[in-house]
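Structural overview
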Amino acid sequence: MEKDNLSVVLHSQGDLRLEQRPIPEPGPNEVLLQMHSVGICGSDVHYWQNGRIGDFVVKKPMVLGHEAAGRVVKVGSDVKHLKEGDRVAVEPGVPREMDEFFKSGNYNLSPTIFFCATPPDDGNLCRYYKHSANFCYKLPDNVTYEEGALIEPLSVGIHACRRAGVTLGSNMLICGAGPIGLVSLLVGKAMGASQVVVTDLSADRLVMAKNLGADMVLTVKREDRPEELAKRVGGVLGAQPHVTIECTGVESSVQTAIYATRPGGVVVLVGMGAAMTTVPLLSAAIKEVDIRGVFRYCNTWPMAIAMLASKKVNVAPLVTHRFPLEQAVQAFETTRQGQGVKVMLKCDKTDQNP
């Protein structure tokens, strides 16, 4: 096997390097993957720019990347369901122990979970990467590697819509038309939402939202008052939304989400904002609006694969930029500048196709 394992490694805040790492050997329950397509997430850029997210601090060099798909090149001795040559999507969060969260099916909440590119765990922006075989999911022939990599952000949308209780006939407000707002739109529509309005500061992003199936879009300005914006949302929908999915983390947007949601409705907080945020809690209390958190996802990959294979959901338009792995720094800079929607890194020198 070749020795080239070019990897994108964050050494400390602002210090992103391309370097060679040894090709790992899979354990009994692991597979070695030749990585094909890995998307850049806002969190990767945040670690690069800030060296930390909340309590997760980069203290030693860490390989970035967690939105990934690749091909099995070596199989651990105890792995039965995968073989060499299988194309797989990687679920980056792997529980380390069978704790109460694992047993209840909420393994994403396990405090000791392994998660790609969350300190101190290495991600998969590299040529070769080993991963728990139980968290590698075989891709059907009609699902591309890039679509496989996009299952990770798609899973955030699935988990958010499940937490929100989106169902046939739901009216939805989605705050923010970045990658997560857009996948929440795709999933919400697939789950039966009848009317979806999407808000954003960027007119370009709202064009993408419209193309992906948003019924209405609202361009917002930083100076807009949350209560006024909430009224505008009700005006374009013709009613207050049953469900609001907040994907920005911005304080004023969270306030708008609470004001806009109808009595008895649900606000799901997906965007990560400041540690302390001022919100109209009394409004939520007297309207019996449930405010629910989202931390990543769990049990979403099988559903996501089924949605993609059946063509109920099309994530392909989300990829607006592609770079070979060797140009990773340029790719990160493109993401940092907010160009396009999803930047995809191509890790296989011999196959740069989607």
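None of these values were measured; they are calculated from a predicted model.

1. Quick look at the packing of aromatic side chains
Per the stated rule, a full pass over the model turns up five aromatic pairs. Between the aromatic rings of tyrosine 107 and phenylalanine 135, the centroid separation amounts to 5.8 Å while the plane-to-plane angle is 80°, which identifies the pairing as edge-to-face. With tyrosine 107 in the loop between helix 2 (100-103) and strand 10 (114-115) and phenylalanine 135 in the loop between strand 11 (128-132) and strand 12 (136-138), this pair connects stretches of sequence that are 28 residues apart. An identical accessibility class is assigned to tyrosine 107 and phenylalanine 135; each is buried. A centroid spacing of 6.3 Å and a plane angle of 25° characterise the contact between tyrosine 137 and tryptophan 301, whose relative ring orientation is stacked. Separated by 164 residues along the polypeptide, tyrosine 137 in strand 12 and tryptophan 301 in helix 10 (residues 301-309) bring together distant segments of the chain. Note on tyrosine 137: relative accessible area 18%, which makes it buried.

2. Observations regarding the sheet that holds strand 6 (residues 62-63)
With antiparallel pairing, three strands are arranged side by side in an open sheet as 2-1-6. Two strands bound the open sheet, and with one partner strand each, they are strand 2 (15-20) and strand 6. Examined bridge by bridge, strand 1 (residues 6-12) and strand 2 share six bridges and lie antiparallel to one another. Paired with serine 12 across the strands is aspartate 15, a residue of strand 2.

3. Remarks on the UniProt feature "domain: Enoyl reductase (ER)" (unreviewed entry) in the chain
Under the UniProt annotation, "domain: Enoyl reductase (ER)" (unreviewed entry) lies at residues 14-345. Taken end to end, residues 14-345 comprises 30% helix and 25% strand; its first and last C-alpha atoms sit 19 Å apart.

4. Notes on the nonpolar core
A general feature of soluble globular proteins is that nonpolar side chains tend to end up buried together. Ranked by size, the top nonpolar core spans 93 residues in total, and within it Leu33, Leu125, Leu154, Met172, Ile245 and Phe332 carry the most contacts. At seven residues, the largest contribution of residues to this core is made by helix 4 (residues 151-164). Discounting residues that sit within four places of it in the chain, methionine 172 has contacts with Cys161, Val166, Ser184, Gly188, Ala193, Gln195, Val196, Val197, Leu237, Pro241, Val243 and Ile245. Listed in part, the 15 residues of the second largest apolar core include Val197, Met216, Val254 and Val267.

5. A look at helix 10
What sets the pattern is the α-helix's 3.6 residues per turn: residues three or four places apart point alike. Those residues of helix 10 not exposed but buried are Trp301, Ala304, Ile305, Met307 and Leu308. Buried positions in helix 10, seen along its axis, are confined to an arc of 160° and lie on one side of it. Residues of helix 10 that are buried sit in contact with strand 8 (87-90), strand 12, helix 3 (145-149), helix 4 and helix 5 (179-190). Of the residues one or two after helix 10, lysine 311 is the one with positive phi, at around 65°.

6. Notes on the pattern of salt bridges
Evaluated as defined, the whole model comprises 20 salt bridges. Among the charged side chains, a network of salt bridges with common partners joins Asp4, Arg127, Glu326 and Lys349.

7. Points about the sheet that holds strand 17 (residues 266-269)
Consider a sheet: its strands pair through backbone hydrogen bonds, and that pairing is either parallel or antiparallel. Ordered in space as 15-14-13-16-17-18, the six strands form an open sheet in which the pairing is parallel. Each of the sheet's edge strands pairs with one partner strand only, and the pair in question is strand 15 (216-219) and strand 18 (290-293). Ignoring which end each strand starts from, the neighbouring axes of this sheet average 15° apart. Pairing geometry for strand 17 and strand 18, over four bridges, is parallel. Residue pairing for strand 18: valine 268 is matched across the bridge by arginine 292. Across the face of the sheet, helix 4 comes into contact with strand 13 (171-175), strand 16 (243-246), strand 17 and strand 18 while running at roughly 150° to strand 17. Here helix 6 (residues 203-211) sits on the sheet in contact with strand 14 (195-200) and strand 15, set at roughly 175° to strand 15.

Reading guide: rules and limits
Residues numbered from 1 in each chain as written. Predicted model: local features only at pLDDT ≥ 70, side-chain atom pairs only at ≥ 80, totals over all residues. Heavy atoms only, no water. Phe/Tyr/Trp six-rings, centres within 6.5 Å; stacked < 30°, edge-to-face > 60°. Helix = DSSP H or I, 4+ residues; strand = E, 2+ residues; numbered from the N terminus. Buried < 20%, exposed > 50% of the residue type's maximum accessible area, 1.4 Å probe, protein only. Pairing = 2+ DSSP bridges. UniProt positions renumbered as here; feature names shortened; annotations may be inferred. Core = buried A, V, L, I, M, F, W, Y, C linked by side-chain atoms within 4.5 Å. Contact = heavy atoms within 4.5 Å. Arc of directions from axis to C-beta. Salt bridge = Lys/Arg side-chain N within 4 Å of Asp/Glu carboxyl O. Axes fitted to C-alpha atoms, helices over the stretch in contact; angles between N-to-C directions.

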